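# Descriptive analysis of the structure
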Amino acid sequence: MKVGIVCYPTYGGSGVVATELGMALARQGHQVHFITYREPVRLEGFHENVFYHEVSALDYPLFQYQPYESALASKMVDVVKFERLDLLHVHYAIPHASAALMAKSILREQGISIPFITTLHGTDITLVGRDPSYRPVVEYSLNHSDGITSVSKHLKDETLINFKLRREIEVIPNFIDFSRFKKTNKEHFKKAISPNGEKIIMHVSNFRKVKRVEDVVLMFDKVLPKIPSKLLLVGDGPERINTEMLCRELGNCEHVRFLGKQDAIEDLLAIADLFVLPSEQESFGLAALEAMACEVPVISSNAGGIPEINIQGETGFLSNVGDVDDMARNAIYILEDETRLKQFKKNAFAQAKRFDIVNILPVYEAYYRQVLEVSEPVVI
Ligand code: GMT
């Protein structure tokens, strides 16, 4: 198949999933064309069967906001025609689904049929998409998608509650590429971070408000007196400054390291003992699953789709959003006993294995085939 993938190329779950899916499809022999405004962060190096088409939106003094959606739709038209694509797969509904719909309509008039699948990732539904400023367009473009997938059961339910959809939503969970995410020996690095064998607690996110990074620091502050430990905060975003201020207020800065944006997350996860994800909203929680793949148990909130991956008392623990006391109690429980910690690590890995890309990729391929089979031919 020749597939066009549209996504946000920046750090963020949906772009990561789109990129890894594209690369896996390419390894299976499909031809994959990424259509984005910048090269996706995880698309490093040269890959046979992978092509990249940059969307550039002409700027003009009249525009207060650049019409990116029009530029994207125009690029899709061009790539579909020139590369003779079979299918478009857009990740994150806004504005990718409506841009794909526009491209599809333009191509239809030229006698070209191009079905498109929209994958819902989370805030495109739960936060941004249902805002009145976008809602009618999101609903319309979902109803005109040839296929819709959602990364968790919870997100599917949320979508059906918030939008009047005439289309079925297929749940296809996110996945792990175990050739990349596996525990490796990084003893030298561990020694540098925790010279006295302190436990390493880690959080990775884009530091947006929904991630509640301050809860990570508050929880850590309660764990620290009981368990000698270090906190690694990976990522960057609007809440970083408040988080740094909180560390200063609590006086625990010497035990907290802000590492900023990092590419090789797996190298950092290799030295972690515990991962914390206290989000207010999380349709899936890919960051937690990546941690589990590297044998790291998870302390999380019970928001959104997280309970579909983190199993209470087995791979970690789940608490109500904001209940930092409970999170701290659970963290201490896991970390205070070596045998227990080992068991949690083992369970976390076993759970992540259920989401091996080897199992999920064929589900996407089958769904692509299904959509292609039923998509209407163009009659002009
Ligand atoms: O919140 C993020 O980290 C970014 C966001 C995105 O769409 O780029 O992530 C969403 O998609 C990820 C991949 O499917 C999910 O793992 C995240 O749970 C989801 N984020 C939220 O729902 C807040």
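The residue numbering used here restarts from 1 in each chain and proceeds along that chain's sequence as written. Thresholds applied to this predicted model are a pLDDT of at least 70 for local features of residues and 80 or more for the giving and counting of side-chain atom pairs; totals over whole chains, interfaces and linings are not thresholded and use all residues. Calculation of side-chain values draws on the structure's entire complement of heavy atoms; hydrogens and water are dropped beforehand.

For sheets, the rule is that strands pair by backbone hydrogen bonds, running either parallel or antiparallel. Strand pairing is assigned whenever DSSP detects at least two bridges linking the two strands. Numbering of helices and strands starts at the N terminus; helices are DSSP runs of H or I of at least 4 residues and strands are runs of E of at least 2. Strand order in the open sheet made by the six strands is β10-β9-β8-β11-β12-β13, with parallel pairing throughout. What marks the edges here is a single partner per strand, and that holds for β10 (256-260) and β13 (316-319). Between one strand axis and the next, the sheet turns through 20° on average, direction left out of account. By the convention used here, residues are in contact when the closest approach between their heavy atoms is within 4.5 Å. A fitted line through C-alpha atoms serves as each axis, taken over the contacting stretch for helices, and the angle formed by two N-to-C directions is quoted from 0 to 180°. Lying over the sheet, helix α8 (residues 213-223) contacts β8 (199-204), β9 (229-234), β10, β11 (274-277) and β12 (298-301), oriented at roughly 175° with respect to β9. Those strands touched by helix α12 (residues 324-335) are β8, β11, β12 and β13, and its axis lies near 170° from that of β13.

The domain architecture assigned to the chain consists of domain 1 (2-175 + 357-373) and domain 2 (187-353). Domain borders in the structure are assigned automatically or taken from a domain database. Each of domain 1 and domain 2 has a C-alpha centre, and the two are 31 Å apart. The interface is formed by 19 residues belonging to domain 1 together with 14 residues belonging to domain 2. The rule for a salt bridge is simple: a side-chain nitrogen of Lys or Arg has to be within 4 Å of a carboxyl oxygen of Asp or Glu. On inspection of domain 1 and its partner domain 2, the count reaches one salt bridge. With a shortest N-O distance of 3.2 Å, Arg42 and Glu290 are connected by a salt bridge. In protein, a polar contact means a hydrogen-donor-capable atom and an acceptor-capable atom, both N or O and within 3.5 Å, with residues adjacent in sequence counting only if both atoms are side-chain atoms; elsewhere, any N or O pair within 3.5 Å suffices. If you look at where domain 1 meets domain 2, you find six residue pairs in polar contact (both at pLDDT 80 or more). Contributions of two or more residues to the side of domain 1 that touches domain 2 are made by α1 (13-27), α4 (123-126) and α6 (153-162).

With that settled, consider the state of the cysteines. Cysteine sulfur atoms are paired as a disulfide whenever they fall within 2.5 Å. Applying the stated rule across the entire model yields zero disulfides. Cys247 carries a free sulfur, and the closest cysteine sulfur to it, the one in Cys253, is 5.2 Å from it. For Cys247, a relative accessible area of 1% translates into the label buried. Among the residues examined, Cys253 registers a relative accessible area of 36% and is labelled partly exposed. Accessible area is worked out with a 1.4 Å probe on protein chains only. A residue is then buried under 20% of its type maximum, exposed over 50%, and partly exposed in between.

A few words now on the nonpolar core. Throughout this description, the term nonpolar core refers to a set of buried Ala, Val, Leu, Ile, Met, Phe, Trp, Tyr and Cys residues connected via side-chain atoms within 4.5 Å. Within the largest apolar cluster, 71 residues are counted, with the highest numbers of intra-cluster contacts made by Leu120, Met202, Leu269, Phe275 and Tyr368. Taken domain by domain, the makeup of this core includes at least three residues from each of domain 1 (2-175 + 357-373) and domain 2 (187-353). Of all hydrophobic cores here, the second largest spans 27 residues; its members include Phe207, Ile227, Ile334 and Leu335.

Whether a residue is near a molecule or strand depends on its heavy atoms: it is near if one of them lies within 4 Å of it. Residues in close proximity to the ligand total 19 residues, the closest being His121, Asn174, Arg208, Glu282 and Ser283. Ser14 is positioned with one of its side-chain polar atoms (N or O) 3.0 Å from an oxygen atom of the ligand. Leu286 places a main-chain nitrogen or oxygen 3.0 Å from an oxygen atom of the ligand. Calculation on the ligand without its partners gives an accessible area of 490 Å², and the protein chains cover 93% of this total. Each residue receives one of three labels: charged for Asp, Glu, Lys and Arg, nonpolar for Ala, Val, Leu, Ile, Met, Phe, Trp, Tyr, Cys and Pro, and polar for the others, Gly being one of them. Across the shell around the ligand, the residue classes tally to five nonpolar, 11 polar and three charged. The two domains that each donate at least three residues to the shell around the ligand are domain 1 (2-175 + 357-373) and domain 2 (187-353). A 1.4 Å probe and the Shrake-Rupley method give the accessible areas. Residues count as covered only by the protein chains that appear here.

What follows concerns the packing of aromatic side chains. Here a pair means two rings of Phe, Tyr or Trp (six-membered ring of Trp) with centres within 6.5 Å. Their orientation is stacked below 30 degrees between planes, edge-to-face above 60, and tilted elsewhere. Taken as a whole and judged by the stated rule, the model has eight aromatic pairs. Here Tyr8 and Tyr92 contribute two aromatic rings whose centre-to-centre distance is 5.5 Å and whose plane-to-plane angle is 80°, an arrangement assigned as edge-to-face. Taken together, the residues span a long stretch of sequence, with Tyr8 in the loop between β1 (2-6) and α1 and Tyr92 in the loop between β4 (87-91) and α3 (93-109) at a distance of 84 residues. Residue Tyr92 is classed as buried on the basis of its relative accessible area of 14%. Between the aromatic rings of Phe317 and Phe344, the centroid separation amounts to 5.6 Å while the plane-to-plane angle is 40°, which identifies the pairing as tilted. With Phe317 in strand β13 and Phe344 in helix α13 (residues 338-353), the pair connects residues that are 27 residues apart, well separated along the chain. Per residue, the accessibility class of Phe317 equals that of Phe344, and both read buried. One aromatic cluster is present, built from ring pairs that chain together Phe317, Tyr333 and Phe344. Only when the NZ atom of a Lys or the CZ atom of an Arg is both within 6 Å of the ring centre and within 35 degrees of the ring normal do we say a charge sits over the ring. The ring centre of Phe178 lies 4.2 Å from the NZ or CZ of Lys353, which sits over that ring.

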